[in-house]
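# Secondary and tertiary structure notes
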Amino acid sequence: MNPLYAALPTTIFETMSARARATGAINLGQGFPDSGWPQDVLAVAADALLTGNNQYPPMPGLPELRRAIADHYQAHQGVTLDWQSEVTVTSGATEALAAAIFALVTPGDEVVLFQPLYDAYLPLVRRAGGIPKLVRLAPPHWQFDAAMLAAAFSPRTRLVIINNPLNPSASTFDRASLELLAGFAERHDAVVLSDEVWEQVVFDGRTHTSVLTVPALRDRSVKIGSGGKIFALTGWKIGWLCAAPPLTRALARSHQFLTFTTPPNLQAGIAHGLGKDAGWFTAMRSGFQRSRDRLVAGLTTAGFTMLPAAGTYFVSIDLAASGIMHDDVTVADRLIDAGVATIPVSVFYGEDPVTSTLRLCFAKQDAVIDAAIERLAAALPGLRG
Ligand SMILES: Cc1ncc(COP(=O)(O)O)c(C=O)c1O
């Protein structure tokens, strides 16, 4: 076996979900919702499966989906994309990440990443022969400044990977931060790979700022989206890459030998969904925001201190501020025994981890949230001891 893979542990999500299944714990670890998906999107995909063409779709994706992606971003983010030369459909954001990293990194290139980082980034960068340069973000704001970027960039920097909104910290980067990053990317002639899968799941009236709306980044960035996150259908694995034509041509060459294409009926369902009116997206966001507020209110009343959560399906407990002096891995381990699976945020660091925050998924029905609050409240005195 390739030693790069032999050294990789099973992901924390698999480990925690398996333990939750084995012990009957409530699973607030892995980020999958238990309700909130649109029935009409399912119906269009089901119909396409039964009556449509189930043979290989075009390699860059169904024209109707690529058009729908371009129209969606025009309507929601003011981004103008040519659907034929700037959009590639992939098998989830995970394949989009792999295609982009394999297309853009050659052995020895340096890649700037921000930790905490989504778990696929580091193994993919290493598999491409890239050298990770990690910027360490910390609670409660999880932001970077010019000094942190200056320490990470070098003449060998070729790619920067950013995740906005950021999973697991549930924080966002604003336009000023993206402009700061743009200056560094321009000076070093680096491409910015922007994982924006959580773009539609932002709260408290926020609007998402895409890298493609920053003029200096428009032609040197690759934006990744995911239908799974937008429509709470995480098992569907329909993602996409949006980038200027020269970048898109490079991405397509990489994508064609990873999966080549993606199930056509699911593409048809997502194409239909992306055309929904603005009211559907607003209602979707308020539904998840209500769940966030329910979990945060319950845990705050129970004595936990919660960190802000601007987007995603996640919110974190600040362990130290909650009077818990154990590290996050120890606490997650004890909480499984108390009946709730969570994710220690330190596993999202490649080096020098923050060990004082625990991530919980709130995209669950009220009864599940309430039961989890009860179990966590009961466990708190023991955790403080
Ligand atoms: C930041 C981030 N990127 C990528 C993915 C993977 O998306 P997909 O399921 O479309 O492959 C996730 C899923 O949780 C994520 O949080």
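Residues numbered from 1 in each chain as written. Predicted model: local features only at pLDDT ≥ 70, side-chain atom pairs only at ≥ 80, totals over all residues. Heavy atoms only, no water.

Below, the discussion takes up the overall build of the chain. Helices and strands together make up the secondary structure of the chain, namely 14 helices and twelve strands. Its C-alpha radius of gyration of 20 Å places the chain within 12% of the 21 Å reference for a compact globule of 385 residues. The dimensions of the chain, computed from C-alpha atoms along their principal axes, are 60 × 55 × 45 Å. Partitioning the intrachain contacts of the chain with sequence separation of at least 6 by distance along the chain shows that 76% fall at a separation of at least 24. On the chain, roughly 15,100 Å² of surface is accessible, and the fraction owed to carbon and sulfur atoms is 55%. The averaged location of the 34 negative side-chain charges in the chain is 2 Å from the averaged location of its 30 positive side-chain charges. (Helix = DSSP H or I, 4+ residues; strand = E, 2+ residues; numbered from the N terminus. Rg over C-alpha atoms; globule rule 2.2 N^0.38 Å. Contact = heavy atoms within 4.5 Å. Areas by Shrake-Rupley, 256 points an atom, 1.4 Å probe, with all protein chains shown as cover. Lys, Arg positive; Asp, Glu negative; His and termini not counted. Charge placed at Lys NZ, Arg CZ, Asp CG, Glu CD.)

Once that is clear, we can look at the site of the ligand. Near the ligand the following residues occur: Gly-92, Ala-93, Thr-94, Tyr-118, Asn-163, Asn-167, Asp-195, Val-197, Trp-198, Ser-226, Lys-229 and Lys-237. Between the ligand and Asn-167, the relevant distance is 2.8 Å, taken from an oxygen atom to a side-chain nitrogen or oxygen of the residue. Contact between the ligand and Lys-237: an oxygen atom at 2.7 Å from a side-chain N or O atom of the residue. Here the ligand has 400 Å² of accessible area as a free molecule, and 93% of this is covered by the chains. Among the elements that line the shell around the ligand, the one with the most residues is helix α5 (residues 92-104), at three residues. Each residue belonging to the shell around the ligand can be placed in one class, and the counts come to four nonpolar, five polar and three charged. (Near = heavy atom within 4 Å. Polar contact = N/O pair within 3.5 Å; in protein donor to acceptor, adjacent residues only side chain to side chain. Nonpolar A, V, L, I, M, F, W, Y, C, P; charged D, E, K, R; others polar.)

Further remarks concern the domain arrangement of the chain. Parsing the chain into structural domains produces domain 1 (3-30 + 279-384) and domain 2 (39-276). Computed from C-alpha atoms alone, the centre-to-centre distance between domain 1 and domain 2 is 25 Å. Listed as interface residues are 32 residues of domain 1 and, on the opposing side, 40 residues of domain 2. Between domain 1 and domain 2 lies a buried interface of about 3,100 Å² when both sides are counted; carbon and sulfur atoms form 65% of it. Here domain 1 and domain 2 share two salt bridges between them. The partner of Asp-204 in a salt bridge is Arg-292, with the nearest N and O atoms 2.8 Å apart. Summed over the shared surface of domain 1 and domain 2, the result is 14 residue pairs in polar contact (both at pLDDT 80 or more). Breaking the side of domain 1 that touches domain 2 down by element, the ones donating at least two residues are α1 (3-6), α12 (278-302), β9 (314-318) and β12 (357-361). Among the elements that line the side of domain 1 that touches domain 2, the one with the most residues is α12, at seven residues. For the side of domain 1 that touches domain 2, the per-class residue count stands at 20 nonpolar, seven polar and five charged. (Domains from an automatic or database assignment. Buried area = accessible area lost by both parts, 1.4 Å probe. Salt bridge = Lys/Arg side-chain N within 4 Å of Asp/Glu carboxyl O.)

Attention now goes to the packing of helix α3 (residues 39-51) against helix α11 (residues 264-274). At a minimum axis distance of 8 Å, the contact between α3 and α11 shows a crossing angle of 145°. The two elements α3 and α11 cross, and the hand of that crossing is right-handed. Counting all contacts with α3, which are made through Asp-40, Val-41, Val-44, Ala-45, Ala-48 and Leu-49, the residues of α11 involved are Asn-265, Leu-266, Ala-268, Gly-269, Ile-270, His-272 and Gly-273. Tallied by class, the residues present in the contact of α3 with α11 amount to eight nonpolar, four polar and one charged. (Axes fitted to C-alpha atoms, helices over the stretch in contact; angles between N-to-C directions. Left-handed = near helix turned anticlockwise from the far one by under 90°.)

What follows is about helix α10 (residues 245-256). Here α10 contains twelve residues, and its C-alpha end-to-end distance of 16 Å stays within 8% of the 16 Å for a straight helix at 1.5 Å per residue. Among all positions in α10, only Leu-247, Thr-248, Leu-251, Ala-252, Ser-254 and His-255 are buried. End-on, the buried residues of α10 take up no more than an arc of 165°, which puts them together on one face. Those residues of α10 that are exposed and angled more than 90 degrees off the buried face are Pro-246 and Arg-253. Against the buried residues of α10 lie β2 (87-90), α5, β6 (191-195), β7 (221-226) and β8 (239-243). (Expected span 1.5 Å × (residues − 1). Buried < 20%, exposed > 50% of the residue type's maximum accessible area, 1.4 Å probe, protein only. Arc of directions from axis to C-beta.)

A few words on the layout of surface pockets. The gaps of empty space that remain are located by a probe, the size of a water molecule, rolled over the atoms. In this structure, the largest pocket encloses a volume near 1,200 Å³. In this structure, the largest pocket is lined by 43 residues; those nearest its centre are Thr-11, Phe-13, Tyr-118, Asp-119 and Ala-120. Looking at the lining of the largest pocket, the elements with two or more residues in it are α1, α2 (12-23), α5, α6 (121-127) and α9 (227-230). Per element, the largest residue contribution to the lining of the largest pocket is six residues, and it comes from α6. Partitioning the lining of the largest pocket into residue classes produces 23 nonpolar, twelve polar and eight charged. Counting the residues that make up the lining of the largest pocket, at least three belong to each of domain 1 (3-30 + 279-384) and domain 2 (39-276). (1 Å grid on protein atoms, 1.4 Å probe; cavity = no way out; pocket = protein on both sides within 12 Å on 5 of 7 lines; lining within 4 Å. Points joined across faces, edges and corners; volume = space filled by probe spheres on them.)

Once that is clear, we can look at the sheet that holds strand β3 (residues 110-115). The strand order across the open sheet formed by seven strands is β2-β8-β7-β6-β5-β3-β4, and the pairing between neighbours is mixed. The open sheet terminates on both sides in strands that have one partner only, identified here as β2 and β4 (131-136). If you compare each strand with its neighbour and ignore which way they point, the axes differ by 20° on average. Across six bridges, the pairing between β3 and β4 is parallel. The partner of Glu-110 across the bridge, within β4, is Ile-131. (Pairing = 2+ DSSP bridges.)

So, on to the sheet that holds β12. Strand pairs in the sheet, formed through backbone hydrogen bonds, run parallel or antiparallel to each other. Spatial ordering of the open sheet is given by β9-β12-β11, a layout of three strands whose pairing is antiparallel. Two strands lie at the open edges of the sheet, namely β9 and β11 (343-344), each paired on one side alone. Relative to β12, β11 is paired through two bridges, and the arrangement is antiparallel. Across the sheet, the residue bridging to Ile-343 is Arg-359, located in β12.

Attention now goes to the side chain of Glu-95. Here Glu-95 lies in helix α5. Leaving out residues up to four positions away in the same chain, Glu-95 has contacts with Thr-90, His-255, Leu-258 and Thr-259.

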